[in-house]
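So you can see what is in the structure, the chains are spelled out below.
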Amino acid sequence: MADSAKLYDTIVNGNAKDAVAITKEALAENADPLELVTRYMIPAMDEVGRRFECEDYFVPELLLAARAMKGAMELIRPLLVERGAEPSGRVVIGTVKGDLHDIGKNLVASMLEGGGFEVVDLGADVAPEKFVEAVEQKSANVVCLSALLTVTMPSMKTTIAALNDAGLRGRVKVLVGGAPVTQQYADEIGADGYAENAGAAVKLARTITKV
Ligand code: B1M
């Protein structure tokens, strides 16, 4: 039987091979994919962040942990997406300019797809003009901006300004999220909403597209 709790250790230790093997085994035994993410994988990345902060870990360890997380997520993502129903809107999502963190953004994208949204994922380090171009070309009604660094949070404001300048602000709702982002910051920069996690992002996107 798969020991799902070990998934936490494999990610903290940056052991991608075992992270993938345990995830495979757990899924084969019908483990809930979302529970694997919320109970073991996200807390593991939080622990990695904590160790980085107190200088037990350095960038190489972060990279190894991220690789283990990604390996496991590749197996989980299609299962989250499968939960989807009727398309409820079109979302353009990306991590803002200067920011390479994409694990949380990928999770939000998968959950949105699972929540019935059509998702255009622009990746990480996305310039404001790329968001503008995608919103125009794909006629999106929601944009989700992710930032994990305090120094890249201002790129959210710049992206909102670019959507404004392009005359798109009236037809697209902007939602923001990421560990350092808060509701207060969202209000300050004129976003339409803030979501603390992937589940909240889906709920918010649903509410906001119904208005
Ligand atoms: Co970096 N990093 N990192 N990192 N990294 C953090 C963010 C940090 C908090 C670590 C720490 O010091 N404790 C710190 C930021 C400090 C700050 O600015 N306040 C930090 C730093 C400093 C750095 C570098 C500067 C390190 C260096 O080079 N000296 C550098 C910057 C590179 C850059 O981006 N330009 C860097 C690099 C990296 C790696 C590349 C090595 C790697 C990322 C790999 C990748 O993503 N492909 C990495 C990692 C892995 C982390 C930590 C450990 C984990 C991030 C993560 O994946 N979490 C992180 C510490 C931490 O967060 N505990 C850290 C799991 C993920 C599921 O959670 O992304 O928060 P999260 O997403 C959540 C919510 O925030 C929310 O939903 C998600 C799911 O619930 N959410 C949204 C996210 N986006 C949303 C969008 C929405 C809604 C909700 O739209 C509506």
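Here, residues in each chain are numbered from 1, in the same order as that chain's written sequence. With pLDDT at 70 or above as the cut-off, local features in this predicted model cover only qualifying residues; side-chain atom pairs require 80 or more to be listed or tallied, and sums for whole chains, interfaces and linings still use all residues. Hydrogens and waters are ignored; side-chain quantities use all the structure's heavy atoms.

**A closer look at the environment of Ala66**
What counts here: The helix count covers DSSP runs of H or I at least four residues long, the strand count covers runs of E at least two residues long, and both are numbered beginning at the N terminus. Whether two residues are in contact is decided by their heavy atoms, any of which lying within 4.5 Å being enough.
Mapped onto the elements of the fold, Ala66 is located in helix 4 (residues 59-82). Leave out the neighbours within four places in its chain, and Ala66 touches Met45 and Ile103.

**Regarding the layout of surface pockets**
For clarity, the threshold we go by: Here the term cavity refers to a set of points on a 1 Å grid, laid over the protein atoms alone, in which a 1.4 Å probe fits but cannot get out; the term pocket refers to an open set having protein on both sides within 12 Å along at least five of seven lines, with lining residues being those that place an atom within 4 Å of a point. Grid points are joined across faces, edges and corners, and a volume is the space filled by probe spheres set on the points. Classification used: nonpolar for Ala, Val, Leu, Ile, Met, Phe, Trp, Tyr, Cys and Pro, charged for Asp, Glu, Lys and Arg, polar for all others including Gly. For the domains described, the bounds stem from an automatic or database domain assignment.
Considering only enclosed or pocket space, the largest pocket measures out at about 1500 Å³ in volume. His101, Ile103, Gly104, Leu148 and Ala179 are, among the 43 residues lining the largest pocket, the residues nearest its centre. If you list the elements that add at least two residues to the lining of the largest pocket, you get helix 3 (33-53), helix 4, helix 5 (103-114), strand 3 (142-146), strand 4 (173-177) and helix 9 (198-210). The dominant element in the lining of the largest pocket, judged by the number of residues it contributes, is helix 3, at ten residues. In the lining of the largest pocket, the residues fall into 28 nonpolar, nine polar and six charged. Taken domain by domain, the makeup of the lining of the largest pocket includes at least three residues from each of domain 1 (6-83) and domain 2 (90-208).

**Concerning helix 4**
Note that an α-helix has 3.6 residues per turn; residues three or four places apart therefore point the same way. To be explicit about the condition: Every helix has an expected span of 1.5 Å times one less than the residues it contains. Consider a residue and the seven residues that end there alongside the seven that start there; fitting an axis to each set, the bend is the angle between those axes. Accessible area is worked out with a 1.4 Å probe on protein chains only. A residue is then buried under 20% of its type maximum, exposed over 50%, and partly exposed in between.
If you check helix 4, its first and last C-alpha atoms are 34 Å apart, about what 24 residues at 1.5 Å a residue would give, namely 34 Å. A bend of about 40° at Glu74 is the largest found in helix 4, and the proline Pro78 appears one to four places after it. Of all the residues in helix 4, the buried ones are Ala65, Ala66, Ala68, Met69, Gly71, Ala72, Met73, Ile76 and Leu80.

**Observations concerning the domain arrangement of the chain**
For an interface, size is often stated in terms of accessible area lost upon the parts coming together. This is how the line gets drawn: Buried area: the accessible surface (1.4 Å probe) lost by two parts on joining, summed over both.
Taken domain by domain, the chain comprises domain 1 (6-83) and domain 2 (90-208). A C-alpha centroid distance of 24 Å is found between domain 1 and domain 2. Between domain 1 and domain 2, the contact holds twelve residues from the first and nine residues from the second. Of the roughly 890 Å² buried at the junction of domain 1 and domain 2 (both faces included), carbon and sulfur atoms supply 68%.

**Considering the pattern of salt bridges**
Our working rule: The rule for a salt bridge is simple: a side-chain nitrogen of Lys or Arg has to be within 4 Å of a carboxyl oxygen of Asp or Glu.
Evaluated as defined, the whole model comprises eight salt bridges. Its salt-bridge partner being Arg51, residue Glu47 comes within 2.7 Å of it at the nearest N-O pair. With a gap of four residues between them, Glu47 and Arg51 both fall in helix 3, about one helical turn apart. Relative accessible area serves as the criterion here: at 14%, Glu47 is assigned to the buried category. A salt bridge links Arg77 to Glu113, with the nearest nitrogen and oxygen atoms 3.0 Å apart.

**Focus on the packing of helix 2 (residues 16-28) against helix 4**
The line we're drawing: Angles run from 0 to 180 degrees between N-to-C directions of axes, and those axes are lines fitted to C-alpha atoms, restricted for helices to the stretch in contact. Angle categories: roughly parallel below 35 degrees, roughly antiparallel above 145, roughly perpendicular from 65 to 115, and oblique for all the rest. In a left-handed crossing the near helix is turned counterclockwise from the far helix by less than a right angle, and in a right-handed crossing that turn is clockwise.
Closest axis-to-axis distance for the helix 2/helix 4 pair is 7 Å, and the angle between their directions is 25°. Classified by the angle between their axes, helix 2 and helix 4 sit roughly parallel to one another. The two elements helix 2 and helix 4 cross, and the hand of that crossing is right-handed. On the side of helix 2, the interface is formed by Ala16, Ala19, Val20, Thr23, Lys24 and Leu27, while helix 4 contributes Arg67, Ala68, Gly71, Ala72, Leu75, Ile76 and Leu79. Each residue belonging to the contact of helix 2 with helix 4 can be placed in one class, and the counts come to nine nonpolar, two polar and two charged.

**Some words on the side chain of Thr23**
Formally: N or O atoms within 3.5 Å of each other form a polar contact, as long as, within protein, one can give a hydrogen and the other can take it, and as long as residues adjacent in sequence are counted only when both atoms are side-chain atoms.
Looking at the element boundaries, Thr23 is found in helix 2. Here the side chain of Thr23 touches Ala19 through a polar contact of 2.6 Å, landing on its backbone oxygen. The contacts of Thr23, once residues within four sequence positions are left out, are Leu7, Leu36, Ala72, Leu75 and Ile76.

**Some points on the pairing of strand 3**
We apply this condition: A pair of strands is labelled paired if DSSP reports no fewer than 2 bridges between them. When the strands point away from the viewer, a crossover counts as right-handed if the path from the first strand over the helix to the second runs clockwise.
Among the five residues that make up strand 3, five are buried, leaving the element largely enclosed by the rest of the structure. The side-chain alternation of strand 3 yields two buried faces, one formed by Val142, Cys144 and Ser146 and the other by Val143 and Leu145. Pairing between strand 1 (residues 90-95) and strand 3: five bridges, direction parallel. Bridge pairing in strand 3 links Gly94 to Leu145. Bridge count between strand 3 and strand 4: five bridges; the pairing is parallel. What sits directly across from Leu145, in strand 4, is Val176. Crossover strand 3 to strand 4 through helix 7 (residues 154-165) is right-handed.

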